[in-house]
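This is what each chain is made of:
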Amino acid sequence: MSPKVRARIDELTQEIRDHQFKYYVLDKPSITDAQFDSLLRELNDLESRHPELRAQDSPTLNIGGGFATSFEQRDHIEKMMSLDNVFDNEELGMWFDRTEKEAPVNEWLCELKVDGLAINLLYEGGVLTQALTRGNGVTGEDVTLNVKTIKNLPHTLIGKNIPSLIEVRGEVFFPLEAFAELNASLEELGKSLFANPRNGAAGSLRQKDPRITAARPLSVVVHGIGACEGATFESQSGAYEALKGWGLPTSERYRVLATRKEVSDFIANYEKHRHDIEHEIDGVVIKVNEISQQVALGFTSRAPKWAIAFKYPPEEVTTRLLDIKVSVGRTGRVTPFAFMEPVKVAGSTVTNATLHNAQEVVRKGILIGDVVVIRKAGDVIPEVLGPVIERRTGAEKPFVMPTHCPDCASKLRAISEGDIDIRCPNTQFCPAQLRERIYYIGSRAALDIDVLGFESAQALLSDKIIDDESDLFDLTAEKLSKSDFFQKKDGKAAANAEKLLAALEQAKSRPLWRTLVALSIRHVGPTAAQSLATTFGSVDAIATASADELSAVDGVGATIADSLIEWFGQQWHRDIISQWKAAGVRMVHEQGKSAPQTLAGLTFVVTGGLSDFTRDGIAEVIAAHGGKNSSSVSKKTDYVLVGADPGSKLAKAQELGIAIIDEAQFKKLLAKG
């Protein structure tokens, strides 16, 4: 036996165990999932060729989370298996061949692989008595008290034929919108941020104080059964229907399919739309649907033979951090960002990634010159998760935050006491802030002005066509003709000039709340803007309202009220309002004449994904028909509109007895009131 083979197996075993400890116990992985899978596959290949070298506790035979933490360890009644993975259609085809060779398969069940924390829920006599993490598959951590704080998880099952004992397997996850809100709040408080929703879910579930977990809007979806007494199931899909009937949160997105082609289409569809879902996914799980066929196929030592996970390409990669620079945002906030060797992630090549603030750079221990792990999901700006310390050479150096604005040389400072961010105070004249504000006005989040992108915003300012945003709606073809950017010989730019003028004209009639968002008032996002527009009815009324009147508005509060008072207290801000108003920009909340006011006086909260409305779209429809869209459920809420995979807002509505409607019922209400 080659000593090199034994040495490599020992090396891989130790490396994998180290990474498992970082992943399962510390919640601070230092490599990507794809890199970990690669190490595990290499070890498995070596052990397959040299079975005499496979140790009884090899990572290829055991599931990796079996490490002691501060939580009490308890055994699962039935072993909680992991899943084997495939990474392309060729590997999936080989799995199909092996499976169908051992048992005639009639149907496949496909479901999304939620990127969260695996959980085992024990119900005895219909009552939730225990919740364990997966651990090593045999023993897990007891997190019962924390799991019981999850709003969409019933403590007692409902319905008929409830089994006397059942282990329900599922996944605890952080809805993306809630995760973004949590990190934003942590950032405002100067606390450490979670690297991703999976880490956020794990960190929240492992809090020693259940009250902290309760404050985190976690959710859970169930997708399997372990030990069971008093119930039998003929199919996986039938089991899901039974779980749903007992009140457990199952996914609405699973499908029972008959052919390999249908399975491949399902996988391809969700790879394309993986970022349209309310939670993160990292692939699709394919299961044999009939339980009798599952039993015939059986298990390996760590995974069922009747199920496989098709993993999507990684969205976390490593690259070299060449430098750390800073950018100045539209509200003056100075943000460090990583300038890196180009690397492809999530389908696009990136060179820059956010670092949030100077404290985060220190907390993550990032040095200029490090090899770093970066992550990108959907349209989100890439983020540096941390350094790969093992690959340091000693030439790395720390980042020093600048003391002066890189664009206008103003001395940087914290604007208010307790503010962890430093900002450029030259709000009116800083070129970077001005450019970012104008660019933001054209974004879909604000007035959605075609052609008004980053380059055109830069051209308008550098060619001195406008001095600031107050001049934006006074643009003419003659003014734009002075810019080379809009007058290139190929005619394309000239066409863009015409499009820009037409788009600006359309933007004048956007709803008042969008105008408020476009003004870049600190902390005023779509939810607060809609509440302000419907409550006060005009910009003038908002500008003259007292702090008490503003903070009393649902979704506003004291912080936003103070920000509004401060913003309208600046003369140059009031000048923007005056010029926009003179140019014809809508400054009052108008009920659309073509839209019947069927929702007048009603307050809605929307949770989950809708088929026929986007998030912004549903808010506009509600407002156009006289209703109010709120971000949180309270006794003032009239209806909670529930889509696919709703979050904790559904449980809150049930707790308060708020009327719950689906998309079809909403459309009826919209039409008839």
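Let me sum up the structure you'll find in this document. Note that the coordinates shown come from a computational prediction; the quantities given were computed from them, not determined experimentally. (Residues numbered from 1 in each chain as written. Predicted model: local features only at pLDDT ≥ 70, side-chain atom pairs only at ≥ 80, totals over all residues. Heavy atoms only, no water.)

1. Details of the overall build of the protein
No. 1: The helix and strand tally for the protein stands at 24 helices and 20 strands.
No. 2: Radius of gyration (C-alpha) of the protein: 28 Å, near the 26 Å computed for a compact globule of 673 residues.
No. 3: Overall, the C-alpha framework of the protein stretches about 80 × 65 × 50 Å when taken along its three principal axes.
No. 4: Among the 673 residues that make up the protein, the fraction classed as buried is 51%.
No. 5: Nonlocal contacts in the protein, meaning residues at least 24 apart in sequence, comprise 67% of its contacts between residues at least 6 apart.
No. 6: As presented, the protein carries roughly 31,000 Å² of accessible surface, and 51% of it is formed by carbon and sulfur atoms. (Helix = DSSP H or I, 4+ residues; strand = E, 2+ residues; numbered from the N terminus. Rg over C-alpha atoms; globule rule 2.2 N^0.38 Å. Buried < 20%, exposed > 50% of the residue type's maximum accessible area, 1.4 Å probe, protein only. Contact = heavy atoms within 4.5 Å. Areas by Shrake-Rupley, 256 points an atom, 1.4 Å probe, with all protein chains shown as cover.)

2. A short note on helix α20 (residues 557-568)
No. 1: Along its twelve residues, α20 runs 17 Å from first to last C-alpha, staying within 8% of the 16 Å computed at 1.5 Å per residue.
No. 2: Among the residues making up α20, those that are buried are Ile 560, Ala 561, Ser 563, Leu 564, Trp 567 and Phe 568. One face of α20 carries all of its buried residues, which in axial projection span an arc of 160 degrees. Of the exposed residues in α20, the ones pointing more than 90 degrees away from its buried face are Ala 558, Thr 559 and Glu 566.
No. 3: On the buried face of α20, the contacting elements are α17 (526-536), α18 (539-544), α19 (547-551) and α21 (571-583). (Expected span 1.5 Å × (residues − 1). Arc of directions from axis to C-beta.)

3. Overview of the environment of Leu 516
No. 1: Tracing the sequence through the fold places Leu 516 in helix α16 (residues 512-518).
No. 2: Since its relative accessible area comes to 2%, Leu 516 is described here as buried.
No. 3: Other than its neighbours up to four places away in sequence, Leu 516 contacts Ile 521, Ala 529, Leu 532, Ala 533, Val 539 and Ile 542.

4. Topic: helix α13 (residues 454-462)
Two residues of an α-helix separated by three or four positions point the same way, owing to the 3.6 residues in each turn.
No. 1: Among the residues of α13, those classed as buried are Ser 456, Ala 457, Ala 459, Leu 460 and Leu 461.
No. 2: Positive phi shows up at Lys 464, right after α13, with a value of about 55 degrees.

5. A few points about the nonpolar core
No. 1: Of all hydrophobic cores here, the largest spans 53 residues; its most connected members are Ile 449 and Phe 473.
No. 2: Within the residue set of this core, elements represented by two or more residues are α12 (431-441), α13, α15 (492-507), α16, α17, α18, α20 and α21.
No. 3: When near neighbours in sequence (up to four residues on either side) are disregarded, Phe 473 contacts Leu 447, Ile 449, Leu 504, Ala 507, Lys 508, Trp 580, Ala 583 and Val 585.
No. 4: The next biggest cluster of nonpolar side chains, apart from the first, holds 37 residues, and it includes Leu 109, Val 172, Tyr 240 and Tyr 254. (Core = buried A, V, L, I, M, F, W, Y, C linked by side-chain atoms within 4.5 Å.)

6. Section: the environment of Ile 77
No. 1: Within the secondary structure, Ile 77 is located in the loop between β1 (73-75) and β2 (85-86).
No. 2: Remark: the alpha-carbon pair of Ile 77 and Cys 228, spanning 151 residues in sequence, is separated by 9.5 Å.
No. 3: Discounting chain neighbours no more than four positions away, the residues touching Ile 77 are Leu 122, Leu 165, Glu 167 and Ala 227.

7. Let's talk about the environment of Asp 548
No. 1: Within the element layout of this structure, Asp 548 appears in helix α19.
No. 2: Judged by its relative accessible area of 62%, Asp 548 is exposed.

8. Topic: the sheet that holds strand β5 (residues 127-133)
No. 1: The strand order across the open sheet built from four strands is β5-β4-β7-β8, with neighbouring strands paired in antiparallel fashion. Edge strands, defined here as strands with exactly one partner in the open sheet, are β5 and β8 (219-229). Here the strands of the sheet are splayed against their neighbours by 25 degrees on average, with no regard to which way each runs.
No. 2: Taken strand by strand, helix α6 (residues 197-205) contacts β4 (117-124) and β7 (165-173), and its axis lies near 45 degrees from that of β4.
No. 3: Against the sheet, helix α8 (residues 236-245) contacts β7 and β8, and its axis sits at roughly 110 degrees relative to β8. (Pairing = 2+ DSSP bridges. Axes fitted to C-alpha atoms, helices over the stretch in contact; angles between N-to-C directions.)

9. Examining the packing of aromatic side chains
No. 1: Taken as a whole and judged by the stated rule, the model has 16 aromatic pairs.
No. 2: Between Tyr 439 and Phe 454 the ring centres are 5.8 Å apart and the planes differ by 85 degrees, which places this aromatic pair in the edge-to-face class. You can see Tyr 439 sitting in helix α12 and its partner Phe 454 sitting in helix α13, a full 15 residues away along the chain.
No. 3: Taken together, a centroid distance of 5.7 Å and an interplanar angle of 90 degrees make the contact between Phe 604 and Phe 666 edge-to-face. Placement of the pair is Phe 604 in strand β17 (residues 603-607) and Phe 666 in helix α24 (residues 663-672), with a sequence separation of 62 residues. Neither residue differs from the other here; Phe 604 and Phe 666 are each classed as buried.
No. 4: Each residue in the set Phe 604, Phe 613, Tyr 639 and Phe 666 is aromatic and connected to the rest through ring pairs, giving one cluster. (Phe/Tyr/Trp six-rings, centres within 6.5 Å; stacked < 30°, edge-to-face > 60°.)

10. Examining the pattern of salt bridges
No. 1: One pass over the full model with this rule turns up 27 salt bridges.
No. 2: Put simply, Glu 252 and Lys 244 hold a salt bridge, and the shortest N to O gap is 3.2 Å.
No. 3: A relative accessible area of 44% places Glu 252 in the partly exposed class.
No. 4: Lys 244 sits in the partly exposed class, given a relative accessible area of 40%.
No. 5: Notably, a salt bridge pairs Lys 581 with Asp 540, separated by 3.1 Å at the nearest N-O pair. (Salt bridge = Lys/Arg side-chain N within 4 Å of Asp/Glu carboxyl O.)

11. Some details on the pairing of strand β3 (residues 108-114)
Walk down a regular strand and you will see the side chains alternate between the two sheet faces.
No. 1: Among the seven residues in β3, seven count as buried, and that is most of the element.
No. 2: Bridging between β3 and strand β9 (residues 255-257) involves three bridges; their strand directions are antiparallel. From the neighbouring strand, Trp 108 faces β9, where its bridge partner is Leu 257.
No. 3: Bridging between β3 and strand β10 (residues 281-288) involves six bridges; their strand directions are antiparallel. Across the sheet, residue Leu 112 finds its bridge partner in β10, namely Val 284.

12. Overview of the packing of helix α3 (residues 89-102) against helix α9 (residues 260-272)
No. 1: Where α3 meets α9, the axes come as close as 12 Å, and the angle between the chain directions of the two elements is 145 degrees. α3 and α9 meet at a crossing whose hand is right-handed. Touching Asn 89, Leu 92, Gly 93, Phe 96, Asp 97 and Glu 100 of α3 are Arg 260, Val 263, Ser 264 and Ile 267, all from α9.
No. 2: A per-class count over the contact of α3 with α9 returns four nonpolar, three polar and three charged. (Left-handed = near helix turned anticlockwise from the far one by under 90°. Nonpolar A, V, L, I, M, F, W, Y, C, P; charged D, E, K, R; others polar.)

13. Points about the side chain of Glu 316
No. 1: Looking at the secondary structure, you find Glu 316 in strand β12 (residues 316-328).
No. 2: Of the polar contacts made by the side chain of Glu 316, one reaches the side chain of Arg 375; its length is 2.9 Å.
No. 3: Apart from residues no more than four positions distant in its own chain, Glu 316 is found in contact with Thr 32, Asn 196, Val 345, Val 373, Ile 374, Arg 375 and Leu 385. (Polar contact = N/O pair within 3.5 Å; in protein donor to acceptor, adjacent residues only side chain to side chain.)

14. Quick word on the pairing of strand β16 (residues 383-387)
No. 1: For β16, the tally of buried residues reaches five of five residues, placing the bulk of the element in the interior.
No. 2: Here four bridges tie strand β15 (residues 371-375) to β16, and the two strands are oriented antiparallel to one another. By the bridge assignment, Arg 375 is partnered in β16 with Glu 383.

15. Structural notes on the packing of α12 against α13
No. 1: For the pair α12 and α13, interaxial distance at closest approach is 9 Å and the crossing angle is 130 degrees. Overall, the two elements α12 and α13 adopt an arrangement that is oblique. Note on packing geometry: the crossing formed by α12 with α13 is right-handed. Contacts from Leu 434, Arg 435, Glu 436, Ile 438 and Tyr 439 of α12 reach α13 at Phe 454, Ala 457, Gln 458 and Leu 461.
No. 2: Across the contact of α12 with α13, the residue classes tally to six nonpolar, one polar and two charged. (Parallel < 35°, antiparallel > 145°, perpendicular 65-115°, else oblique.)

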